[in-house]
Amino acid sequence: MGLMAPKTMLHELTISELTGKLARREVSARQAMQACLDQISRTNPALNAFIRLDPNRALADADLADQAIAQGKTHAEFPLLGVPIATKDVIAVKDQPLNCGSKILGDFISPYDATVSRKLKEAGAVIFGRLNMDEFAMGSSTENSAFGVTRNPWDISRIPGGSSGGSAAAVAANLCYGALGSDTGGSVRQPAAFCGCVGLKPSYGRVSRYGLVAYASSLDQIGPITKTVGDAALLLETLAGHDPLDSTSVPQPVPRFTGELTGDIRGLRIGLPREYMVGGLDPEVKASVDASIRHLSSLGAEVVEISLPHTEHAIATYYIIATAEASANLARFDGIRYCKRAEGADVIDLYSRTRGSGFGEEVKRRIILGTYVLSSGYYDAYYLRAQKVRTLIRSDFVKAFESVDAIITPTSPTPPFKIGEKASDPLQMYLMDIFTISANLAGNCAISIPCGFTSPSPRLPLGMQILGPSFGESTLLRIAHAFEQSTPWHREHPPLDFATKS
Ligand code: GLN
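Residues numbered from 1 in each chain as written. Predicted model: local features only at pLDDT ≥ 70, side-chain atom pairs only at ≥ 80, totals over all residues. Heavy atoms only, no water.

A. Geometry of the site of the ligand. Close to the ligand lie 15 residues, the nearest being T184, G185, S187, Y318 and R366. One of the backbone nitrogen or oxygen atoms of A137 is found 2.8 Å away from a nitrogen atom of the ligand. One of the side-chain nitrogen or oxygen atoms of Y319 is found 3.3 Å away from an oxygen atom of the ligand. Isolated, the ligand exposes 300 Å² of accessible area, and the fraction of that covered by the protein chains is 100%. Its residues assigned to classes, the shell around the ligand comprises 5 nonpolar, 7 polar and 3 charged. (Near = heavy atom within 4 Å. Polar contact = N/O pair within 3.5 Å; in protein donor to acceptor, adjacent residues only side chain to side chain. Areas by Shrake-Rupley, 256 points an atom, 1.4 Å probe, with all protein chains shown as cover. Nonpolar A, V, L, I, M, F, W, Y, C, P; charged D, E, K, R; others polar.)

B. Representation of the nonpolar core. By size, the foremost hydrophobic cluster in this structure holds 154 residues, and its most contacted members are F136 and I466. Of all the elements, helix α9 (residues 314-329) adds the most residues to this core, at 9 residues. Each residue touching F136, except ones within four places of it in the same chain, is listed here: C100, S102, I104, L105, V213, Y215, L330, F333, F359 and V363. (Core = buried A, V, L, I, M, F, W, Y, C linked by side-chain atoms within 4.5 Å. Buried < 20%, exposed > 50% of the residue type's maximum accessible area, 1.4 Å probe, protein only. Helix = DSSP H or I, 4+ residues; strand = E, 2+ residues; numbered from the N terminus. Contact = heavy atoms within 4.5 Å.)

C. Just the environment of D243, in detail. When you line up the elements, D243 lands in the loop between α7 (229-239) and β7 (269-273). Residue D243 is classed as buried on the basis of its relative accessible area, which comes to 3%. Counting along the chain gives 37 residues from D243 to R206, while the straight-line C-alpha distance between them is 9.6 Å. With residues up to four places along the chain from it excluded, the contact list for D243 reads T115, S208, Y210 and S249.

D. Fine view of the packing of helix α2 (residues 29-47) against helix α3 (residues 55-70). In contact at an axis separation of 8 Å, α2 and α3 are set at 155° when each is read in the N-to-C sense. Compared by their axis directions, α2 and α3 come out roughly antiparallel. Crossing of α2 over α3 shows right-handed handedness. Contacts between α2 and α3 involve A29, R30, M33, Q34 and L37 from the former and P55, A58, L59, A62, D63, A65 and D66 from the latter. The residue inventory of the contact of α2 with α3, partitioned by class, reads 8 nonpolar, 1 polar and 3 charged. (Axes fitted to C-alpha atoms, helices over the stretch in contact; angles between N-to-C directions. Parallel < 35°, antiparallel > 145°, perpendicular 65-115°, else oblique. Left-handed = near helix turned anticlockwise from the far one by under 90°.)

E. Structural detail: the pairing of strand β2 (residues 84-88). Counting buried residues in β2 gives 5 out of 5 residues, a clear majority hidden from the surface. Regarding topology, helix α4 (residues 115-122) serves as the crossover connection from β2 to the parallel strand β3 (residues 126-131), and that connection is right-handed. As paired elements, β2 and strand β4 (residues 178-183) share 3 bridges and run parallel to each other. Opposite I85, over in β4, you have G178 as the bridge partner. (Right-handed = clockwise from strand over helix to strand, strands pointing away. Pairing = 2+ DSSP bridges.)

F. Highlighting unusual backbone geometry. Going from G162 to S163, the amide bond is cis rather than trans, its omega being 5°. With respect to the helices, strands and loops of the structure, S163 is situated in the loop between β3 and α5 (165-172). The backbone phi angle of R25 is positive, close to 60°, even though this residue is not glycine. Position of R25 among the secondary structure elements: in the loop between α1 (15-23) and α2. Despite not being glycine, A137 has its phi angle at roughly 70°, a positive value. Turning to its location among the elements, A137 is positioned in the loop between β3 and α5.

G. Representation of the pairing of strand β6 (residues 221-226) within the structure. Buried residues dominate β6, accounting for 6 of its 6 residues. Neither face of β6 is open: one carries Q221, G223 and I225, the other I222, P224 and T226, and all of them are buried. Summarising the sheet, β4 and β6 pair through 6 bridges and their orientation is antiparallel. Within β6, the residue paired with S182 across the bridge is I222. In this sheet, β6 lies alongside strand β5 (residues 198-201) in antiparallel orientation, the contact comprising 2 bridges.

H. Up close: α9. Compared with an ideal rise of 1.5 Å per residue, which puts 16 residues at 22 Å, α9 spans 22 Å between its outermost C-alpha atoms and is within 8% of the ideal. With 14 of 16 residues buried, α9 lies mostly within the body of the structure. (Expected span 1.5 Å × (residues − 1).)

I. Broad picture of the sheet that holds strand β10 (residues 445-453). One open sheet accounts for 11 strands, arranged β1-β3-β2-β4-β6-β5-β10-β11-β9-β7-β8; its pairing is mixed. Because the sheet does not close on itself, it has two edges, and the strands there are β1 (50-52) and β8 (302-306). Mean inter-strand twist for the sheet, computed between neighbouring axes without regard to direction, equals 35°. Relative to β3, β2 is paired through 4 bridges, and the arrangement is parallel. In the sheet register, P84 faces β3, and the bridge partner there is V126.

Printed below as a string of structure tokens:
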């Protein structure tokens, strides 16, 4: 007889395990929500993943789901019926606070649902709480939040990644069954990697951005952070699709992603970009990705070397385009249309006092950078040139995907770092995005999945990124799922030895 597997607690279930139990009426939505709320009370004082939470409302919404189940509504019709899901504080949920990790929005309450929030609700999910993030999604560590840093559940002296650090920490510590984040340059994938979760950035245009507070509109996508690839596929099925309210969402049929998870990747061609195994890559990250590549070939994939020659320009290109778009998008936070208004002698004084006191340092740095690269005399030298390089980066991928089905890289060049370690050096922080930002510049889809741990002390999760062509999520998910199901990494939970006992 083998060893007994440790019993999985209710809050530790995946979405698909929970929906099974809900459908069989073995648990109620209220019990599932209560399990999350209990886990939040034990761990959130240390983690600071949730920055707003209304437990009574969450339980009342769970009761509504239980009533729907009692009335005979099924999970075939409403695939997320009764599942507690939490959202990053940059996605609008009607009647919930919307702060974008900033103090500038004061006590703003969203008057409407983002399309993704509406779709989750229509699928029966119970949306609750607001998850911490870098202010306006600018950052890689969640240290740039006006609500304080979020801590990594695997080691609370470390950052959880960013900017969707609250979402990843919450999923990893089992405070919710799944979460939404947003990814402009890696903000779903990198925190997922740092916390040991699955993070999916859909292709640009796959998921509506309506109701996502814009950072850089040509790069932003909303994506799920989940405990497994199967759950990511399930959430993507719900979130994806054309939306007349977002003119950049693409009118393409949405495949049944969960049906793609066959476990069979024989014959698929996987590319390894020679430019990505660069110096500066942490040896443990490199070792785990190398081992994962060997594992994929043992599953029958054919691994070939490819080239993405313009990769070296990706960070510079991103930080010109993203800041330029941010400087325009954030102009609306002026104290007149939105925000807690500061008093001023005249309108210019009012704007500058509102913005000067409301925005944090990193947001101000990016608005200034973005305004500079768009200003007359510099527009051609920076912005226009960056757009041309963006086209070259995109063509690298188009060319690569003529001969391979997917591309593998590490998600981040290092394991999760210590709080404060890079906070005073923006360039060091920007380098964290080296593997993730090209997918946003090119519009491709990409996923980060757990692929190992650092040495026993401290034991920190590591992530591998799989990139696919635009609208190639099906193959991406198939590879990710086959890898996950044949490796042990996703089954581990952080020890949470800091949690208060109950
Ligand atoms: N870390 C990157 C930045 O600071 C990406 C952020 C994101 O994807 N929202 O811009």
